[in-house]
Each structure stands twice: as C-alpha cells, then as structure tokens.
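Overview (structure and organization)
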Amino acid sequence: MCPCWRKRQAGGGADEAYAASLALTATVCSCNGVTKGAILDAVRENGCESVDEVRACTRASSTCGGCKPLVSAMLNLALQSKDVPAAPKETVCGCMTHSHDELRAAVRGAGFATAREAMLALGWSKADGCEICRPALEYYVGQALSAAGAAAGKAGAAPAAGLLADGTYAVVPRMYGGVTSAEQLRRIADVIDKYDIPLVKLTGGAHLESLGIDAGLVGSVGAELGQPVAAVPAYGKTIATVATCTGIGYDRSALQDSIRLGASLERRLEHLQMPSKVSVAVSASPLHRAGTLAKDLGIAGAPGGWEIYVGGCEGMKLRQGESLCMEPSEEIVLELSCAFLQWYREEANYGETTGQWVERIGITQSREGLFNLLFREELIARMNAERQITEQQQVNPQLTVASIG
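Just so it is clear, the structure is predicted and the values come from calculations on it, not from any experiment. (Residues numbered from 1 in each chain as written. Predicted model: local features only at pLDDT ≥ 70, side-chain atom pairs only at ≥ 80, totals over all residues. Heavy atoms only, no water.)

1. With respect to the overall build of the chain
- The helix and strand inventory of the chain stands at 15 helices and 15 strands.
- Looking at the chain as a whole, 48% of its 405 residues qualify as buried.
- Contacts in the chain between residues far apart in sequence, at least 24 positions, make up 63% of those at least 6 positions apart. (Helix = DSSP H or I, 4+ residues; strand = E, 2+ residues; numbered from the N terminus. Buried < 20%, exposed > 50% of the residue type's maximum accessible area, 1.4 Å probe, protein only. Contact = heavy atoms within 4.5 Å.)

The following block contains the structure:
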C-alpha cells in the first residue's frame, strides 16, 4: 500500500499540505518512479490540467492507482503555482552548467578516458575545475570506465595502496568479517619487521593498517603478504571491512551466524567503489551488537532469518537505518545487499550518502526495485562482471597506488 495512505485519510486539505511539504525529488508514484518535480514540470512545461493528462504525460497513478489522491493534490498545487518560475537548476558547482544527473549521463554516453578529457569536451569554465567538481567527475568517469571494461572483459587498474600526506603509502591486509589467524598475523609481523614499517594501527573497522611504506616497496609488501590487499579507492570510496559481532559460537543471544555472512558479504563487496563512504555490519541477533542500525547497510539475525536495514549513518548526524525487509534465505540476503549497493553506486550523486539517496528515492521504491527479480539480477550481473575482472587481475597482481579519500 502507498506509504502516504495515512495522509489521505484526513481528506484533500491534508493531502495538499502533505504534498506541499515534499521535496521536489520525493517519489509520488512508487510504481513508476515519478517524483513531485516531474509532476510540477508536466503542468508547467506540458500544460497538463487534469489527473488523466498528468497520468498520460508521466505515468503517475497508471499502475496500482494508490497514489491518485496525492497526484491530484500535487496537480492542484502545481496549477496554483504554474505561473511561478521553476526553481533554478542545481549544478554540481559553478564550473559547469550540468546537474549531477546530467553530468553522469553525459559521461556514460561519451566514453571519456580521463576526467581531463571530459572537462575539455563538456565546457568547464575553469581549466582544472575545483575541489567540488573534480572528485565528482573523476568518480563518474571512473565508474563509466569500470562498467565499460567489465562489459568488454577488460581489466582496469586495481588500486591496492593509499597515498598518505607525507608521500608514503598505506596497505591494509584483508581480514574478512574481521577474522584473522595466527598464520596471517605472523606473516604480517614478518613483513613489518622486514620492511621496517614505521606505524601499524587498528582501523575503525578493526583491520591492521600499515603506514609509511615507500612507493618502491609497495609491490613487495603486497606480494609477501600473500593475500588480497584491501583496495583503497582510485576514483571513489571502497568498503574497507564488514564489521561483525562475536558470532553464534560465543554470544548467548546469537540467532544466526553473523561471522559467516559478514565474511561472505565482504568478499563480494571488496572491489566496489562508492560515491561516498559506506559502512556495513552484520549482527547475530536483534541486539545489534555490531552497530547494524547505524550503518549504511546493516543486517541482523532474527528467529526467522535476517533483518536488513539501509541508509543508516554513524557520523556527525546520526541516522537510523530504515527497515528494507525480513528475509529467511542467507543467499537472498547477500543478493539484496549487493543489489542495493550496486544500485546506489550507479545512481547516487557523488558525495551523497546511502541515507540521503534512500530518502530521495523513497524506501518504498527501494523495496520495489530490489524485489523486482529481473532488475535485481541485472544489478548483480553488472557487479559480478566488475568484480571478476578485478579478481582476474589479482591472479598476477601489479599493485597500483591511489590517494586516500
């Protein structure tokens, strides 16, 4: 049922008040992904004056019809203000005339090899852009190249070390799900001694980060670790770790095997590059001992399977994740999680958190998209293609370097 049904119960006045309070990016028709802004544009630009005309122009309320009262309220608001100039377009920055959507579409359609090439072709007002547009453009170009390379079966550069402020590099060995062994720790210790690594510390995700490695030693350090090295982003943000709690063997409240699921999930996500920092956690029970409610993607064990939460944030502004669904199958949980993050990385604006993205498209539309089996399979197929290319390159790894975002 449409999430706005409670608003409709109070009558037309409540509908219009609610319609007025929505952001332009808010989804009005979840079935067809029609936003408030699209309906206002249909009135202002296409002259729609009835719900039928709006439906014909935008497809809003053409499927289940549950949003028709809200579409009608939105139409009334639009008719009352159709002579008022539309809000100015929000560009990425002052260096260009493109919005995030327009820039992303332009980059995907042109096949630019570098951000510099894109700047020259798309008419940047500043030769080198600015600190706002440069990373955004690099992300969109990098994402397009990665997707194109996966489609063509060609590997791109697989970053494995992060550039630090003093010109040295950081390497973070993978410990899937936060689990390590005596053998792995001995090997790491031997590498630390052999290369006289000046600083080794635990990251926020409980991984060992080796800092201060000279550029010429990065390849040797990675090779002697004898394992995949946590990738540091070349154009976006990578998922450093999937946090887990102590798990079903040691936690009396545990209902599901959080460590197994967390390690499996991290193996699937480790190569993905995101438009913003993403944190992921798996808890063994609804007590959320791994902090799952405040993560971009949080999964918690329950009596019947797993609860999935999306869009949480533990940064400066705490945001609790929204419930996506309850799923008994562990494999489907992995599919939904991967599809959610792949969809986010493809469609979110650079710098937009999962919480902001979910709020923009709506949790109902998120569910409908991910529960559409064909759409979900397409997302996972694209993600797997990029991951397989990167894994093929790591068979004979040639470590590259990138700056830490």
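2. A word on the confidence of the model for the chain
- Across the chain, the average pLDDT comes to 83, with 85% of residues at 70 or higher.
- Here residues 1-14 scores under 50 on pLDDT; set against residues more than four positions off or in separate chains, the count is 13 contacts.
- Overall, residues 155-159 carries pLDDT values under 50, and its contacts beyond four positions in sequence, including any with other chains, amount to 16 contacts. (pLDDT = per-residue confidence, 0-100.)

3. So, the packing of aromatic side chains
- Within the structure shown, the criterion is met by 7 aromatic pairs.
- Ring geometry for tyrosine 139 and tyrosine 140: centres 5.9 Å apart, planes at 70 degrees, overall edge-to-face. Comparing tyrosine 139 with tyrosine 140, the two get one shared label, buried.
- Between tryptophan 343 and phenylalanine 375, the aromatic rings sit 5.0 Å apart at their centres with planes inclined by 85 degrees, giving edge-to-face as the arrangement. Highlighted residues: tryptophan 343 in helix H12 (residues 330-347) and phenylalanine 375 in helix H15 (residues 373-394), separated in sequence by 32 residues.
- Taking relative accessible area as the criterion, tryptophan 343 reaches 10% and is therefore assigned buried.
- Ring pairing ties together the aromatic residues Phe340, Trp343, Tyr344, Trp357 and Phe375, which thus form one cluster. (Phe/Tyr/Trp six-rings, centres within 6.5 Å; stacked < 30°, edge-to-face > 60°.)

4. A word on helix H4 (residues 51-58)
- For H4, the complete set of buried residues consists of Val51, Val54 and Thr58. Projection of H4 onto a plane perpendicular to its axis shows the buried side chains occupying an angular sector of 60 degrees, all on one side.
- At the C-terminal side of H4, arginine 59 shows a positive phi close to 75 degrees. (Arc of directions from axis to C-beta.)

5. Considering the sheet that holds strand E14 (residues 322-327)
- Judged by pairing direction, the sheet is mixed, and its 5 strands sit side by side in the order E9-E11-E12-E13-E14 without closing on themselves. Lying at the two open borders of the sheet, with one neighbouring strand each, are strand E9 (242-244) and E14. Across the sheet, the mean angle from the axis of one strand to that of its neighbour is 20 degrees, orientation sign disregarded.
- As defined by bridge partners, strand E13 (residues 305-310) adjoins E14 across 5 bridges and the pair is classed as antiparallel. Bridge pairing in E14 links tyrosine 309 to serine 323.
- Sitting on the sheet, helix H14 (residues 363-371) touches E13 and E14, and the angle it makes with E14 is about 30 degrees. (Pairing = 2+ DSSP bridges. Axes fitted to C-alpha atoms, helices over the stretch in contact; angles between N-to-C directions.)

6. Quick notes on the nonpolar core
- Formed by 35 residues in total, the largest nonpolar core has its most connected members in Leu265, Val280 and Leu341.
- When sequence neighbours within four positions are dropped, the list of residues in contact with valine 280 reads Ile239, Thr241, Val242, Ala243, Leu265, Leu269, Lys295, Leu297 and Leu341. (Core = buried A, V, L, I, M, F, W, Y, C linked by side-chain atoms within 4.5 Å.)

7. So, the pattern of salt bridges
- Following the criterion strictly, the structure yields 17 salt bridges and no others.
- With a shortest N-O distance of 3.0 Å, arginine 260 and glutamate 330 are connected by a salt bridge. Residue arginine 260 is located in helix H11 (residues 258-269), and its partner glutamate 330 is located in helix H12; the two are separated by 70 residues in the primary sequence.
- Measuring nitrogen to oxygen at the nearest pair gives 2.9 Å for the salt bridge that ties glutamate 322 to arginine 319. (Salt bridge = Lys/Arg side-chain N within 4 Å of Asp/Glu carboxyl O.)

8. Some thoughts on unusual backbone geometry
- Located in the positive-phi region is arginine 59, a residue other than glycine, with phi close to 75 degrees.
- By secondary structure assignment, the location of arginine 59 is in the loop between H4 and helix H5 (68-80).
- In this structure, histidine 288 takes a positive phi of about 55 degrees despite not being glycine.
- The residue histidine 288 is located in the loop between strand E11 (280-283) and strand E12 (297-302) in this model.

9. A few points about the packing of H12 against helix H13 (residues 354-361)
- Across the interface, H12 lies against H13 with an axial gap of 11 Å and an inter-helix angle of 85 degrees. Between H12 and H13, the angle is such that the two are roughly perpendicular. On H13, the residues that touch Phe340, Trp343, Tyr344 and Glu347 of H12 are Thr354, Trp357, Val358, Arg360 and Ile361.
- Counted by class, the contact of H12 with H13 contains 6 nonpolar, 1 polar and 2 charged residues. (Parallel < 35°, antiparallel > 145°, perpendicular 65-115°, else oblique. Nonpolar A, V, L, I, M, F, W, Y, C, P; charged D, E, K, R; others polar.)

10. Details of the packing of H12 against H14
- Running from amino to carboxyl end, H12 crosses H14 at an angle of 120 degrees, the nearest separation of the two axes being 10 Å. Regarding H12 and H14, the two cross each other, and that crossing is right-handed. For the pair H12 and H14, contact is made by Leu336, Ala339, Phe340 and Trp343 and by Gln365, Ser366, Gly369, Leu370 and Phe371, respectively. (Left-handed = near helix turned anticlockwise from the far one by under 90°.)

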